[in-house]
Amino acid sequence: GENVEQHPSTLSVQEGDSAVIKCTYSDSASNYFPWYKQELGKRPQLIIDIRSNVGEKKDQRIAVTLNKTAKHFSLHITETQPEDSAVYFCAATTTSGTYKYIFGTGTRLKVLA
Amino acid sequence: SAVISQKPSRDICQRGTSLTIQCQVDSQVTMMFWYRQQPGQSLTLIATANQGSEATYESGFVIDKFPISRPNLTFSTLTVSNMSPEDSSIYLCSVVPDQETQYFGPGTRLLVL
């Protein structure tokens, strides 16, 4: 069945450094790729998304890139801050039919002050 | 986006009992989903709650264990039946108000003794 692989599972960076999280999806029909941030004890919150007709999208310190040919997409966080510490999930879906999301396994990011 | 509430926020239950979780949305939405998130894990889709018809369950989840109601476009319930300690988890509902992005409720933290 469809799946999304996410790496790394844990990531520690020094404050001010960059963090990169990578995901690979299997369903070539996927056309929408959101990223969620989940702080401890909180709900997953959408932080950025990208559609299949776009290769890159940026929102302040956060950017996402998509390589449809390779079925890869990545989250880039620059100038990391302690409040960026959380678990990040990628997901892939097709925006038609069932709208089911396939989530990655999550990356626990720790930003060290 | 959408404003989503869940009740209860947390509960401690005895094995063999059942718990019904409510999900309320501030606008009418067609697509509503129920997820389970076990400690330190990703989000696992239990079922899609369809208004006016039976829920669609994912592999490994059955209606007898997780009956779902969807009486209208703003409300749904998930019941966890005949609970065992393995059902201890966070249960989240989500909606897709714009036919693209999922937004999550705050979750119900369940502990079964």
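Everything numeric here is computed off the predicted structure, so don't read it as measured data. (Residues numbered from 1 in each chain as written. Chains lettered and ligands numbered in written order. Predicted model: local features only at pLDDT ≥ 70, side-chain atom pairs only at ≥ 80, totals over all residues. Heavy atoms only, no water.)

Student: Please provide a residue-by-residue account of the packing of aromatic side chains, values included.
Tutor: Evaluated as defined, the whole model comprises 13 aromatic pairs over all chains. Centre to centre, the rings of A:Trp35 and A:Phe73 are 5.6 Å apart; their planes meet at 65°, and the pair counts as edge-to-face. One end of the pair, A:Trp35, is in strand 4 (residues 32-38); the other, A:Phe73, is in strand 8 (residues 72-77), and 38 residues separate them in sequence. Exposure remark for A:Trp35: the relative accessible area of 0% places this residue in the buried category. What makes A:Phe73 buried here is its relative accessible area of 0%. Geometrically, the ring pair formed by A:Phe103 and B:Tyr35 is edge-to-face, given 5.8 Å between the ring centres and 85° between the ring planes. Separated into two different chains, A:Phe103 in strand 10 (residues 102-103) and B:Tyr35 in strand 4 (residues 31-37) make up a pair that spans both. For A:Phe103, a relative accessible area of 9% translates into the label buried. Overall, the relative accessible area of 1% leaves B:Tyr35 in the buried class. (Phe/Tyr/Trp six-rings, centres within 6.5 Å; stacked < 30°, edge-to-face > 60°. Helix = DSSP H or I, 4+ residues; strand = E, 2+ residues; numbered from the N terminus. Buried < 20%, exposed > 50% of the residue type's maximum accessible area, 1.4 Å probe, protein only.)

Student: If you had to explain a nonpolar patch on the surface to someone new, which residues and values would you point to?
Tutor: On the surface, a cluster of nonpolar side chains totalling about 280 Å² of accessible area is made up of B:Ile12, B:Leu111 and B:Leu113. Among the secondary structure elements, B:Ile12 is positioned in strand 2 (residues 10-13). (Patch = residues over 30% accessible without salt bridge, like charges linked within 9 Å, V, L, I, M, F, W, Y side chains within 5 Å. Areas by Shrake-Rupley, 256 points an atom, 1.4 Å probe, with all protein chains shown as cover. Salt bridge = Lys/Arg side-chain N within 4 Å of Asp/Glu carboxyl O.)

Student: If you had to explain the interface of chain B and chain A to someone new, which residues and values would you point to?
Tutor: Each partner contributes residues to the interface: chain B has 21 residues there, and chain A has 19 residues. Buried area between chain B and chain A, both sides added, is near 1700 Å², and the carbon and sulfur share of it is 54%. Per-residue buried area on chain B facing chain A is highest for B:Ser42, B:Glu100 and B:Phe104; these three make up 31% of the total on that side. Summed over the shared surface of chain B and chain A, the result is two salt bridges. Among the salt bridges present, the one from A:Arg51 reaches B:Glu100, with a minimum N-O distance of 2.4 Å. Put simply, chain B and chain A have 10 residue pairs in polar contact (both at pLDDT 80 or more) between them. (Contact = heavy atoms within 4.5 Å. Buried area = accessible area lost by both parts, 1.4 Å probe. Polar contact = N/O pair within 3.5 Å; in protein donor to acceptor, adjacent residues only side chain to side chain.)

Student: Please give an account of the state of the cysteines that cites residues and values.
Tutor: Residue and element names in this part refer to chain A. Applying the stated criterion across every chain, the model contains two disulfides over all chains. The disulfide partner of Cys 23 is Cys 90, and the gap between their sulfur atoms is 1.9 Å. Between Cys 23 and Cys 90, the S-S torsion sits near -100°, and that sign places the bridge as left-handed. Taken together, the residues Cys 23 in strand 3 (residues 19-25) and Cys 90 in strand 9 (residues 86-92) connect sequence positions 67 residues apart. Given a relative accessible area of 1%, Cys 23 falls into the buried group. (Disulfide = S-S within 2.5 Å.)

Student: Outline the pairing of strand 8 of chain A, supporting the account with residue identities and numerical values.
Tutor: All names here are of chain A. Taken together, the six bridges between strand 3 and strand 8 define a ladder with antiparallel strand orientation. Bridging from a neighbouring strand, Thr 24 pairs with His 72 of strand 8. One ladder, built from six bridges, connects strand 7 (residues 62-67) with strand 8; its direction is antiparallel. Looking across to strand 8, one finds that Ala 63 is bridged to His 76. As consecutive antiparallel partners, strand 7 and strand 8 are separated by four residues, and within that stretch Lys 71 has a phi angle of approximately 60°, a positive value. (Pairing = 2+ DSSP bridges.)

Student: An account of the pairing of strand 3 (residues 19-25) of chain B is needed here, citing residue identities and associated values.
Tutor: Residue and element names in this part refer to chain B. The alternating pattern of strand 3 places Leu 19, Ile 21, Cys 23 and Val 25 on a buried face and Thr 20, Gln 22 and Gln 24 on a face that is not buried. Sheet topology places strand 1 (residues 4-7) next to strand 3; four bridges connect them, and they run antiparallel. Bridging from a neighbouring strand, Ile 4 pairs with Val 25 of strand 3. Relative to strand 8 (residues 75-80), strand 3 runs antiparallel, the two sharing six bridges. Residue Gln 22 lies in a different strand from strand 8, and its bridge partner there is Thr 77.

Student: Let's hear about unusual backbone geometry: which residues, and what values?
Tutor: A cis amide bond links A:His7 with the next residue in sequence, A:Pro8, at an omega value of -5°. Within the secondary structure, A:Pro8 is located in the loop between strand 1 (4-7) and strand 2 (10-14). Cis geometry marks the peptide bond from B:Lys7 to B:Pro8; its omega dihedral reads -10°. With respect to the helices and strands, the residue B:Pro8 is situated in the loop between strand 1 and strand 2. With a phi close to 60°, A:Lys71 is a non-glycine residue in the positive phi region.

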